[in-house]
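As a plain string of letters, each chain reads:
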Amino acid sequence: MGILIGLLALSVLVFVHELGHFLAARFFGVKVERFSIGFGPVVAKKWCCSTEWAISAFPLGGYVKMKGQDDLDPLKRSSDPDSYNAKKPWQRIIILLAGPFANFALAYILYVAVALMGFQELAPKIGKVLPDSPAKIAGLQKGDKILSINNKPIETWSELSETIRKSHGPLHLLIEREGEQITVKLQPKVMESKNIFGETVLRPMIGIAPAPEYVKIHYSFAESLGVAWQKTLQASTLILKSIEKMIEGVVPAKDIGGVITIMDITAKASEAGLVALLSFTALISVNLGILNLLPIPALDGGHIMFNLYEWISGKAPSEEVLYRLTMAGWIFLVGLMGLGLYNDINRLLGVHSG
């Protein structure tokens, strides 16, 4: 059941992305010949509104086939007024941007829904106190719940961590212990820690770890609009940082996941509940939007790059350059997908062999 939910979630993200392209193309008068969910041979189709709506054999992706535009044959063009190539470069750029924009918009809507239902966060409750740490010296104990720091209310562990990370000077903690409130003063210590990419970083810490206890934070509709915007920005920043770390080699190639990993995590998220499923789907939607904006030929970002060149220079790239770069882009993408699939299979074999 989880796998079916994962496949459905991925199909929705692809549909929304391609719908963005479709609506923008139709707005500028471009004929859309086919709207497909999936790649490969068409297994079901229906004509509607001058477009063939199809479901193809391999449902891990999709595409919008516009008149005069073919990713597999970049030299296949049409000069008809209803073709993609007949439009001005800025119009084509808007059509290309519409797909990723639709993914960002969907992520924002999902985050609004999650904010209204309530984000599940770790409670600011201590599960472990490290020896010889500022917390241990100040007398903090396992089970203590931190209510505020320097008179700032603390509701979640992430708020607690961020407040300590940004701290300067001593901290006054209001804690709850066995029904009583106690005030504790301590001085954070700069200590080594690992970030999400496994890098060693130095930051102020007090030497505590969270208890496995969760709280649900609810927001009003007005508040959820701002929270969803922050979550979308945070997801975008995380993904861009991940790409940067992958290019730098901090994230090893063996950690790159493919569609199977995405499906597996989505399935597990669905088992954890609707909030977890919607949160992860929003993250993948942002991921899809950003990856498609990368300046790689054969992706939306690559096409945007070509159109920007034409818009600025007043002439289209030469056919030979366009063809060579597009083929190079496809080779890179197929290689990346192959690497992701290889890593996915290795993980599965590792699980079974263990």
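Everything that follows concerns the structure shown earlier in this document.
Conventions we followed
- Residues numbered from 1 in each chain as written.
- Predicted model: local features only at pLDDT ≥ 70, side-chain atom pairs only at ≥ 80, totals over all residues.
- Heavy atoms only, no water.
- Helix = DSSP H or I, 4+ residues; strand = E, 2+ residues; numbered from the N terminus.
- Buried < 20%, exposed > 50% of the residue type's maximum accessible area, 1.4 Å probe, protein only.
- Contact = heavy atoms within 4.5 Å.
- Areas by Shrake-Rupley, 256 points an atom, 1.4 Å probe, with all protein chains shown as cover.
- Lys, Arg positive; Asp, Glu negative; His and termini not counted.
- Salt bridge = Lys/Arg side-chain N within 4 Å of Asp/Glu carboxyl O.
- Phe/Tyr/Trp six-rings, centres within 6.5 Å; stacked < 30°, edge-to-face > 60°.
- Pairing = 2+ DSSP bridges.
- Axes fitted to C-alpha atoms, helices over the stretch in contact; angles between N-to-C directions.
- Core = buried A, V, L, I, M, F, W, Y, C linked by side-chain atoms within 4.5 Å.

A short note on the overall build of the chain
Argument step 1. The number of helices and strands found in the chain is 9 helices and 12 strands.
Argument step 2. Counting over 354 residues, the chain shows a buried share of 41%.
Argument step 3. Considering only residue pairs separated by 6 or more positions, the chain has 63% of its internal contacts joining residues 24 or more positions apart.
Argument step 4. Looking at the chain as shown, the accessible area adds up to about 19600 Å², and 64% of this sits on carbon and sulfur atoms.

A word on unusual backbone geometry
Argument step 1. Positive phi values are uncommon outside glycine, yet Asp132 reaches one of about 60 degrees.
Argument step 2. Note that Asp132 resides in the loop between strand S4 (126-129) and helix H3 (134-138).
Argument step 3. Asp132 gets classed as exposed once you look at its relative accessible area, which sits at 69%.
Argument step 4. Phi angles above zero are rare outside glycine, and Asn150 is one such case at about 50 degrees.
Argument step 5. Tracing the backbone shows Asn150 in the loop between strand S5 (145-149) and strand S6 (152-153).
Argument step 6. Classification of Asn150 as partly exposed rests on a relative accessible area of 38%.

Considering the side chain of Glu18
Argument step 1. Position of Glu18 relative to the elements: it lies in helix H1 (residues 2-27).
Argument step 2. No salt bridge is formed by the buried Glu18. Its closest oppositely charged neighbour is Arg34, at 12 Å.
Argument step 3. When sequence neighbours within four positions are dropped, the list of residues in contact with Glu18 reads Phe35, Gly62, Tyr63 and Val64.

Comments concerning the packing of aromatic side chains
Argument step 1. Inspection of the entire model under this criterion finds 8 aromatic pairs.
Argument step 2. Geometrically, the ring pair formed by Phe15 and Phe35 is tilted, given 5.4 Å between the ring centres and 50 degrees between the ring planes. One end of the pair, Phe15, is in helix H1; the other, Phe35, is in strand S1 (residues 32-48), with 20 residues separating them in the sequence.
Argument step 3. Here Phe28 and Trp90 contribute two aromatic rings whose centre-to-centre distance is 5.7 Å and whose plane-to-plane angle is 90 degrees, an arrangement assigned as edge-to-face. Taken as a pair, Phe28 in the loop between H1 and S1 and Trp90 in helix H2 (residues 89-117) lie far apart in primary sequence, 62 residues in all.
Argument step 4. Aromatic rings pair up to connect Phe15, Phe22, Phe35 and Trp53 into one cluster.

Quick notes on the sheet that holds strand S7 (residues 171-177)
Argument step 1. Strand order in the open sheet formed by 4 strands is S6-S5-S7-S8, and the pairing between neighbours is antiparallel. Edge positions in the open sheet fall to S6 and strand S8 (180-186), since each of these has one partner strand only.
Argument step 2. Bridge count for S5 against S7 is 4 bridges, and the pairing is antiparallel. Within S7, the position partnered with Ile149 by the bridge is Leu173.
Argument step 3. Here helix H4 (residues 157-165) sits on the sheet and contacts S5, S6 and S7; the angle it forms with S5, its principal contact strand, is near 45 degrees.

Notes on the nonpolar core
Argument step 1. Tyr111, Phe119 and Val286 are the most contacted members of the largest nonpolar core, which has 23 residues in total.
Argument step 2. Considering each element in turn, this core owes the most residues, 8 residues, to H2.
Argument step 3. Excluding residues within four positions of it along the chain, Tyr111 makes contact with Phe119, Ala228, Lys231, Thr232, Ala235, Ser279, Ala282 and Leu283.

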